[in-house]
Amino acid sequence: MKRFIASILVCIAFLSSVEAQLPAKKMVGWPKVENQMKPWTRWWWMGNAVDDQNLDDILQKYATAGLGGVEVTPIYGAVGFEKQYLQFLSPAWMNALHYTVKKANALGMGVDMNTGTGWPFGGPQIKPEYAATKLIIQDYKLKAGEQLSEPIKVKEAKQDFATLQGLTAYGPNGVVENLLPLLQKDGTLSWSPKSGVWNIYAAFSGKTRQLVKRAAPGGEGFTLDHLDQKSVDVYLKRFTDAFNDQPQGIRSFFNDSYEVYGATWTPTFFNEFKKNRGYELEMHLRDLASQDSTDENIARLKSDYRETMDELLLNNFTKNWTNWAHGLKSKTKNQSHGSPGNLLDLYGAVDIPETETFGSSAFDIPGLRRDTADIRNVDPDPIMSKFASSAAHTNGKTLVSSETFTWLTEHFKTAYSQCKPEAEQLFLSGINHIFYHGTTNSLKDIAWPGWLFYASVEMNPNNSLWPHANGLNQYIARCQSILQSGKPDNELLIYWPIYDVWNKAKGLDMPLKVHDVDEWLHPTAFYKLAKDLSKSGYAYDFTSDRVLSRAKVNDHLLQTSENASSYKVLIIPESKLMSLETLNHIVALASKGATVIFQQLPKDVPGLNDLEKRRAKLKSVLAGLAFQPDANGLSSFKTGNGEIILASDIQQALTQRHINREKLTGVGLEFIRRKNNGDTYYYLVNHTAKDIDTYLTINAKGKVVIMDPQNGAIGLGAMKENQVRVQIKSGQALFLNVLNKPIQNGVWKYLNQAAKPISITQPWTLHFTAGGPVLPADQQLDKLISWTDLKDPKLKAFSGTGLYTSHFTLPTKTAKEYLLSLGQVDESAKVWINGKEVGILWSIPFEARISKYLKPGTNTIKIEVVNLMANRIRDMDIRKIPWRNYHEINFVNIDYKPFDASNWSVMPSGLIGPVLITPYN
């Protein structure tokens, strides 16, 4: 017996030693959520009327609701509270900032700060000489022997600081003369033409006189000249002095979208132009002022002008501001869209590029509300958002943020279910750091609805939806915990032909605005290619000339920066213009082993200087690309270790070079991929009108763990011939974690055979627990309908929380799972069954798995529902109860007209159902 026991012990020891040598099994879970993974919010300080007690209270509420941080943006204040205003950057204001940072950090939150008040940058330190500048051109006409009878002085009113910088005469036969040296100090011109008719153009450096929009107390003043380094330095010095040149605990300094109107100039423009473009712009004033929108040479001149403006903005403002922030141990977060420059480079020069969504998108999700009044002229475009994410990806930056939900709907009508697909569309575009737009700071004793900013989605505790904010916030946090981990996994790098954009004879500066994508983005071959590739299942980033100039090749893969992911192929869309430097670098990348696909070879070089010489060089380089037809019918030029392919059908070329698309888009799913420590993550979203239950082929190989960001569920997916089964309803999202390691997780629970649904036939009691203007009386409901359709007239005006209670009988509990479906919910629900919390069902399809909460026999169900603020605001406007009285713009509607809800229809509210429980076997 002793020998037998000894033998058993030896065997156990042997097996233990073998097991110890096997790879450890991995338990897949959600990453630990840090504060930057949670959603943050723009936090408007109205009139800077803040104090420690209110800051303490509101930050606690933000943290409890699941916000990860705030972005302080001071703006105008409420009328009647002027005595409580703090002057921006004053000692009292700095004390408030320090208290905010200390309190937020203690709550596990971060703090960002606008480097100014309102927008754009400007303020009292910006005297006229440092203010935004515009080019003013005046023209005169002289005949032979005539002299000007008036001094050459600016005629535009209120241009006391305008200075004459150029004076050029254009005569017969193309003769051009610089007359500036002939001008007297009093502005008289001692010159007359000897023959013919001459046109004289005077160029003045004038001021736009634009003031800071929505400025806070102490932030009023002129907008600064972003193109001039000294002006930017003067602007930032006020902050440096207020900060005593010491870090303030600010994670990131923020700059809103570039809305500097008509700023077409800076006093150093002529010098910078000559240095960078190689010729004198002042000798081309006539063409610069021309309204001819068809002349090719004028288009080339203005392309050079726009390229120079791009350089000035990038170097004198964006990089300068970022270096300043780094000196304070902070980062920069910038909305580059709307800027008159290459958006990819302007986004890429800051630490956190930020895009924005403006308005609502059209989704096919059944039951998702989209009122016609909420539709603006341009829907949010995921391709536009990819400019910010591409800049982050190609520059090796971790975070890409978004100003999110701006004017998603009219005020007080935004449901969390409407927010979800908009946020998901951003995630699919590479955004991984959501900032709500936003939250208005309001003093505690201000009557409901508190202080409000006119373009806000009202993410604040006065919103009747606020008790359920954690549902949305937890979803975003789970998504961002993965989307901020590891690196993007995009196989294609697509060149953006900026010179085709700039090469327009119309106008002067060219701000590339979110609202103007129909003009500068949508008509282009670049845009069509990007849309087609997305639809087909390819993942990509955009790249600029500057990024390509520093790109390297490693083992046939393109590397755009040290910390960036690598790309398999560089694609050059159909474009007319390309700089000689960029073309040469592309050829050099191919020679070093890269694969490059041209949809069409460039036809010309941009710009005006040395045009014929540069054209000849371009032609020579292109002639050296000795394309040969290959066995697949493509034209290919082998060079060094790589190749250049010429193919009008980009997808055919990719397929023949074994660059495979993700076939999952064929069933209507959208995706984005990331890699982290050898694992591949897919974020899948179903924005189609149908539920999907199928086996998917994905390019990454290995075991697949399914992760549900709505409820946190995790399980090992069912596999069949390297395909994974995915069940995803319309409006839902899932992560797939593909890995090649032993896994401890249990299997994913699929819903297979549905039995007959169980209806709740017992009456419901409805008890109102919070809200106003007054709490209605309890209701008994035999049938679920909108509470606004009940007899109590108070319910039409009520915004708040109602608790529904009922019972149902489950004779036996035999099914493997039970699915609770709430049907129509207006607008969010929190469910308890038998006293146990199921969770917050805040978005379509308003469903939850509830098997573990059920018991045989009688079960009690409670459903807490919160509705919109709209009905209460409507009632206040009908009764003319004052609730909005602000300085500056006051409060406007989605069309920027005075707000009035008195003519609104009553919004459906509460649990409308039907409520069903479906057994699955």
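With 13 residues, helix α10 (residues 416–428) extends 19 Å from end C-alpha to end C-alpha; this agrees with the ideal 18 Å at 1.5 Å per step. For α10, the tally of buried residues reaches 13 of 13 residues, placing the bulk of the element in the interior. Positioned one or two residues after α10, Gly430 has a phi angle of 100 degrees, which is positive.

What follows deals with the packing of α10 against helix α11 (residues 469–483). Across the interface, α10 lies against α11 with an axial gap of 11 Å and an inter-helix angle of 10 degrees. Classed by the angle they form, the pair α10 and α11 counts as roughly parallel. Facing Tyr416, Cys419, Lys420, Glu424 and Phe427 of α10, the residues of α11 in contact are Ala469, Leu472, Tyr475, Ile476, Cys479, Gln480 and Leu483. By residue class, the composition of the contact of α10 with α11 is nine nonpolar, one polar and two charged.

Once that is clear, we can look at the sheet that holds strand β19 (residues 557–559). In space, the three strands of this open sheet follow the order β18-β19-β20, with antiparallel pairing throughout. The outermost strands of the open sheet, each flanked by one partner alone, are β18 (552–554) and β20 (566–567). The sheet contact formed by β19 and β20 spans two bridges and is antiparallel. Counterpart to Gln559 in the pairing with β20 is Ser566.

Here the chain averages 95 in pLDDT, while 97% of its residues score no lower than 70. Taken together, the stretch residues 8–22 has pLDDT below 50 and engages in zero contacts with residues farther than four places along the chain or on a different chain.

Turning to unusual backbone geometry, a few remarks are in order. Residue Pro773 is bonded to the preceding Gly772 through a cis peptide linkage, with omega at 20 degrees. By secondary structure assignment, the location of Pro773 is in the loop between β35 (764–772) and β36 (779–781). A cis amide bond links Asp826 with the next residue in sequence, Glu827, at an omega value of 15 degrees. Here Glu827 shows up in the loop between β39 (824–826) and β40 (828–833). Backbone geometry at Lys158 places phi at a positive 60 degrees, although glycine is not the residue there. Mapped onto the elements, Lys158 comes out in the loop between β5 (133–143) and β6 (163–170). Note on Lys158: relative accessible area 61%, which makes it exposed. The residue Glu458 is not glycine, and still its phi comes out positive at about 60 degrees. Checked against the element boundaries, Glu458 lands in the loop between β14 (433–441) and α11. Taking relative accessible area as the criterion, Glu458 reaches 1% and is therefore assigned buried.

Another aspect to go through is the side chain of Ser575. Inspection of the secondary structure assignment puts Ser575 in the loop between β21 (569–572) and α16 (580–591). What Ser575 contacts, discounting residues up to four positions off in sequence, is Pro497, Asp500, Gln600, Leu601, Pro602 and Lys603.

A side chain with one charge may pair with a side chain of the opposite charge, provided their charged atoms come close. In the structure shown here, the tally under the stated rule is 41 salt bridges. Lys155 is paired through a salt bridge with Glu150; the nearest N and O atoms lie 3.7 Å apart. Salt bridges here are not isolated pairs; linked through shared partners, they connect Arg42, Glu71, Asp256, Lys333, Glu354 and Glu403.

Attention shifts here to the sheet that holds strand β38 (residues 817–821). Strand order across the open sheet formed by four strands is β34-β45-β38-β42, with antiparallel pairing between neighbours. One side of each edge strand has no neighbouring strand; the edge strands of this open sheet are β34 (758–759) and β42 (847–849). The pairing of β38 with β42 spans three bridges and is antiparallel. Within the sheet, the bridge partner assigned to Leu820 lies in β42 and is Ala848.

With respect to the helices, strands and loops of the structure, Thr357 is situated in strand β12 (residues 352–358). At 3.2 Å, the side chain of Thr357 and the backbone nitrogen of Phe405 are in polar contact. Excluding residues within four positions of it along the chain, Thr357 makes contact with Pro380, Ser402, Glu403, Thr404, Phe405, Thr406 and Leu426.

About the cut-offs
Starting afresh in each chain, residues are numbered from 1 along the sequence in its written order. Totals for whole chains, interfaces and linings use all residues, but because this is a predicted model, local features are given only for residues with pLDDT of at least 70 and pairs of side-chain atoms are given and counted only at 80 or more. Hydrogen atoms and water are omitted, and side-chain values are computed over all heavy atoms in the structure. Note on conventions: DSSP H or I runs of at least 4 residues are helices, E runs of at least 2 residues are strands, and numbering of each starts at the N terminus. Expected helix span is given by 1.5 Å per residue-to-residue step, counting one fewer step than there are residues. The buried label goes to any residue with under 20% of its type's maximum accessible area, the exposed label to any with over 50%, and the partly exposed label to all in between, with areas taken from a 1.4 Å probe on protein chains only. In this analysis, axes come from line fits to C-alpha atoms, helices being fitted only over the stretch in contact, and the angle between any two N-to-C directions falls in the range 0 to 180 degrees. With respect to orientation, any angle under 35 degrees is reported as roughly parallel, any angle over 145 as roughly antiparallel, any angle of 65 to 115 as roughly perpendicular, and every other angle as oblique. In what follows, a contact means two residues having at least one pair of non-hydrogen atoms within 4.5 Å. Each residue receives one of three labels: charged for Asp, Glu, Lys and Arg, nonpolar for Ala, Val, Leu, Ile, Met, Phe, Trp, Tyr, Cys and Pro, and polar for the others, Gly being one of them. A strand pair is defined by DSSP finding two or more bridges across the two strands. Scored from 0 to 100, pLDDT reflects the predictor's confidence in each residue. We define a salt bridge as a side-chain nitrogen of Lys or Arg found within 4 Å of a carboxyl oxygen belonging to Asp or Glu. Polar contacts, as used here, are pairs of N or O atoms within 3.5 Å; protein pairs need one atom able to donate a hydrogen and one able to accept it. Residues neighboring in sequence count only if both atoms are side-chain atoms.

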